[in-house]
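# An overview of the molecular structure
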Amino acid sequence: MTREKNVLVTGGAGYIGSHTIVQLVENGFNPIIADDFRNSDISVLKGLEQITGRKIVHYDLDVCNYIELKSIFKNHSIAGVIHFAADKAVGESVSNPLKYYKNNIGGLVNVLELCSEFEIENFVFSSSCTVYGEPKEEKEVSESTPLSKANSPYGNTKLVGEQILLDLHNSGARMNILSLRYFNPIGAHPSGLIGELPVGKPNNLLPYVTQTAIGKQNELTVFGKDYPTPDGTCIRDYIHVCDLAEAHVKAILLLQQKESNFIDQVNIGTGKGTSVLEIINSFERLTGEKLNWKFGPRREGDVVEIYANVSKSFELLNWKCKYTFEDAIEHAWSWEKNLAQHA
Ligand code: UD1
């Protein structure tokens, strides 16, 4: 395998990471996973093997461990890094901010130091639409929408992460960098062999919906019913995780074409806003399951309404979503049912 094809994927056993591994293999890349399985399960490797028909090289390590991480750079000639490894629970980041700064910022700095040392040319960063905060007037945000002060330590790690990359770029680093600002990934691989595997109670909406439907959770609480939206519930841009994963392959391909010292940021969403109640109604309609849910108080720090302007992602990455919102719900449900069967 030539060097251009070796891509290190930190957090590659996680939800978005594992789906990206599949897309990388399907596009002729040779992914190498670095993940300590703190928020994923080793069984994902089996799922990946079944889907791709090959074993994926993986290192069980913490990206904050410089010495261990360095061994990967020594063992493989790496053309690019996709850096997913990070914690992402907003509420937990408020109660335990240092965990977030250590892992999300410390881990990023570690990886970047090694990238500099080993002259890695291409770097893709997992950012988030959280960098926009609550959009002021226009709910459709583009990359030129001003960034907002973060409303959680988690959100701040994404803002600071992007800033670190800008500073590195401004220092003249010979690295091409792209930050992908994800909206809300949902769904699972159509095979039903990999998907989201929340440890403990899910924080995010769709795994909570599917776990309630399967009986792992008793009841779903809809956080708030009096927001200034058509049905009173919050609106997000939900994107199929396989589409989001494919955007990473496009990102690597783009960076490989650029001259050295390139940096940019791009939204990865569908461009369409969907409310919490629309998610629940679609889930019930598509699966025929009756969901046990109730309204509860608003969740602190929730953005009311946000969705992506996707023009730049089309132009820059030559990428478009292939899956519908309905596909994502159906695939998430198939995955939940598969998990229940094999429990
Ligand atoms: C949040 C973060 C986002 C981060 C993501 C990572 C904010 C504003 N957004 O996304 O930056 O990248 O987590 O996990 O901090 N909901 C319910 N009941 C539930 C769960 C969720 O009603 O049990 C609602 C929420 O109020 C929200 C929507 O569902 O309106 C989506 O919530 P969630 O899946 O947690 O994603 P975000 O809050 O958008």
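Scroll up to find the structure this text is about.
Attention here is on the structure that accompanies the text. These numbers were taken from a predicted model, which means no experiment stands behind them. (Residues numbered from 1 in each chain as written. Predicted model: local features only at pLDDT ≥ 70, side-chain atom pairs only at ≥ 80, totals over all residues. Heavy atoms only, no water.)

In terms of regular secondary structure, the protein is built from 11 helices and 15 strands. Taken over C-alpha atoms, the radius of gyration comes to 19 Å for the protein, in line with the 20 Å a tight globule of 343 residues would show. Oriented by its inertia axes, the alpha-carbon framework of the protein measures out at about 55 × 45 × 40 Å. Counting the 343 residues in the protein, one finds 55% classified as buried. Taking the intrachain contacts of the protein between residues at least 6 apart in sequence as the baseline, contacts between residues at least 24 apart amount to 81%. Of the roughly 15000 Å² of accessible surface on the protein, a fraction of 49% belongs to carbon and sulfur atoms. Side chains of the protein give 33 positive and 42 negative charges; the mean places of these two sets differ by 2 Å. (Helix = DSSP H or I, 4+ residues; strand = E, 2+ residues; numbered from the N terminus. Rg over C-alpha atoms; globule rule 2.2 N^0.38 Å. Buried < 20%, exposed > 50% of the residue type's maximum accessible area, 1.4 Å probe, protein only. Contact = heavy atoms within 4.5 Å. Areas by Shrake-Rupley, 256 points an atom, 1.4 Å probe, with all protein chains shown as cover. Lys, Arg positive; Asp, Glu negative; His and termini not counted. Charge placed at Lys NZ, Arg CZ, Asp CG, Glu CD.)

Once that is clear, we can look at the sheet that holds strand 1 (residues 6-10). Taken together, 7 strands build an open sheet; the order of strands is 3-2-1-4-5-7-12 and the sheet is parallel. Each having just a single partner strand, strand 3 (57-59) and strand 12 (263-268) make up the two edges of the open sheet. Put simply, the sheet's adjacent strands are angled 20 degrees from each other on average, direction ignored. Both strand 5 (residues 122-128) and strand 7 (residues 176-182) contribute to a ladder of 7 bridges, which runs parallel. Paired with serine 126 across the two strands is leucine 180, which belongs to strand 7. Packing against the sheet, helix 1 (residues 15-26) makes contact with strand 1, strand 2 (30-34), strand 4 (80-83) and strand 7, and its axis sits at approximately 160 degrees to strand 2. Against the sheet, helix 6 (residues 153-170) contacts strand 5, strand 7 and strand 12, and its axis sits at roughly 150 degrees relative to strand 5. (Pairing = 2+ DSSP bridges. Axes fitted to C-alpha atoms, helices over the stretch in contact; angles between N-to-C directions.)

On the secondary structure map, aspartate 237 appears in the loop between strand 10 (235-236) and strand 11 (238-240). No salt bridge is formed by the buried aspartate 237; its nearest oppositely charged neighbour, lysine 272, is found at 8.4 Å. Of the polar contacts made by the side chain of aspartate 237, one reaches the side chain of threonine 270; its length is 2.7 Å. Aspartate 237 has contacts with Phe183, Asn184, Gly269, Thr270, Gly271, Lys272, Ile306, Tyr307 and Ala308, leaving out every residue within four places of it along the chain. (Salt bridge = Lys/Arg side-chain N within 4 Å of Asp/Glu carboxyl O. Polar contact = N/O pair within 3.5 Å; in protein donor to acceptor, adjacent residues only side chain to side chain.)

What follows deals with the packing of helix 3 (residues 66-75) against helix 5 (residues 97-117). One can describe the packing of helix 3 onto helix 5 by two numbers: an axis separation of 10 Å at closest approach and a directional angle of 40 degrees. Regarding the angle of helix 3 to helix 5, the classification is oblique. Considering how the two elements wind past one another, helix 3 and helix 5 form a crossing that is right-handed. Each of Tyr66, Leu69, Lys70 and Phe73 in helix 3 lies in contact with helix 5, whose residues at this interface are Asn110, Val111, Glu113, Leu114, Cys115 and Glu117. Residues belonging to the contact of helix 3 with helix 5 are distributed by class as follows: 6 nonpolar, 1 polar and 3 charged. (Parallel < 35°, antiparallel > 145°, perpendicular 65-115°, else oblique. Left-handed = near helix turned anticlockwise from the far one by under 90°. Nonpolar A, V, L, I, M, F, W, Y, C, P; charged D, E, K, R; others polar.)

Attention now moves to the site of the ligand. Among the 22 residues in the neighbourhood of the ligand, the closest are listed as Tyr154, Thr221, Arg236, Arg299 and Asp302. Between the ligand and asparagine 184, the relevant distance is 2.9 Å, taken from an oxygen atom to a side-chain nitrogen or oxygen of the residue. Measuring from a nitrogen atom of the ligand, one finds a backbone N or O atom of threonine 221 at 2.7 Å. Against a free-state accessible area of 740 Å², the protein chains account for coverage of 91% of the ligand. (Near = heavy atom within 4 Å.)

Here we take up the packing of aromatic side chains. Applying the stated criterion across every chain yields a total of 3 aromatic pairs. Between the aromatic rings of phenylalanine 73 and phenylalanine 118, the centroid separation amounts to 5.5 Å while the plane-to-plane angle is 35 degrees, which identifies the pairing as tilted. Residue phenylalanine 73 is located in helix 3, and its partner phenylalanine 118 is located in the loop between helix 5 and strand 5; the two are separated by 45 residues in the primary sequence. With 5.3 Å between their ring centres and 85 degrees between their planes, phenylalanine 283 and tryptophan 333 make a pair best called edge-to-face. Of this pair, phenylalanine 283 sits in helix 9 (residues 276-287) while tryptophan 333 sits in helix 11 (residues 325-341), and the two are 50 residues apart along the sequence. The burial state of phenylalanine 283 is the same as that of tryptophan 333; both residues are buried. For the cation-ring pair, lysine 5 lies above phenylalanine 29, with the distance from its terminal atom to the ring centre recorded as 4.8 Å. (Phe/Tyr/Trp six-rings, centres within 6.5 Å; stacked < 30°, edge-to-face > 60°. Lys NZ or Arg CZ within 6 Å of the ring centre and 35° of its normal.)

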